[in-house]
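# Analysis of the macromolecular model
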Amino acid sequence: MSLSYIDKQHPNTQIPKKGTRKRPLSPEQKQENKIISGIRITVEHAIAGIKRLGCMTQILRNRRPFIDDTFLLLSAGLWNFHLRTA
């Protein structure tokens with residue numbers, strides 16, 4: 001079986017299996033897909049929480065070096081603070 005583009009670029013990526021009418025998923029494959037989707041939901045919620053600050057969703061026009069990294073660290077820190085206080 002040849003490796004896909006994602007497997008070559010990101011070897012730790014887990015992609016859910018896809019079933020068809022002719023070849024439905026086995027119970028083991030369905031369980032694996034549930035585990036993968038649970039991880040994906042957690043990651044997507046974290047990304048959405050970081051984007052709540054607003055500076056991560058807008059186009060950055062500032063040319064100062066490392067300002068984008070500073071905004072990301074600030075957004076992630078505020079989101080983690082929100083999670084701990086909630």
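Cut-offs and rules
Residues numbered from 1 in each chain as written. Predicted model: local features only at pLDDT ≥ 70, side-chain atom pairs only at ≥ 80, totals over all residues. Heavy atoms only, no water. pLDDT = per-residue confidence, 0-100. Helix = DSSP H or I, 4+ residues; strand = E, 2+ residues; numbered from the N terminus. Buried < 20%, exposed > 50% of the residue type's maximum accessible area, 1.4 Å probe, protein only. Axes fitted to C-alpha atoms, helices over the stretch in contact; angles between N-to-C directions. Parallel < 35°, antiparallel > 145°, perpendicular 65-115°, else oblique. Left-handed = near helix turned anticlockwise from the far one by under 90°. Contact = heavy atoms within 4.5 Å. Nonpolar A, V, L, I, M, F, W, Y, C, P; charged D, E, K, R; others polar.

## Some remarks on the confidence of the model for the protein chain
Low pLDDT marks stretches whose predicted atomic positions should not be read closely. Mean pLDDT over the protein chain: 89, with 97% of residues reaching 70 or higher. Per-element confidence in the protein chain is highest for helix H2 (residues 27–51), whose mean pLDDT is 94, and lowest for helix H1 (residues 5–9), whose mean pLDDT is 82.

## Section: unusual backbone geometry
One non-glycine residue, Phe-66, adopts positive backbone phi at about 65 degrees. Within the secondary structure layout, Phe-66 lies in the loop between H2 and helix H3 (67–85). Given a relative accessible area of 61%, Phe-66 falls into the exposed group.

## Regarding the packing of H2 against H3
As a packed pair, H2 and H3 sit with axes 8 Å apart at the nearest point and diverge in direction by 110 degrees. Overall, the two elements H2 and H3 adopt an arrangement that is roughly perpendicular. For the crossing formed where H2 meets H3, the hand is right-handed. Mapping the contact onto sequence places His-45, Ala-46, Gly-49 and Ile-50 in H2 and Leu-72, Ser-75, Ala-76 and Trp-79 in H3. Partitioned by chemical class, the residues of the contact of H2 with H3 number 5 nonpolar, 3 polar and no charged.

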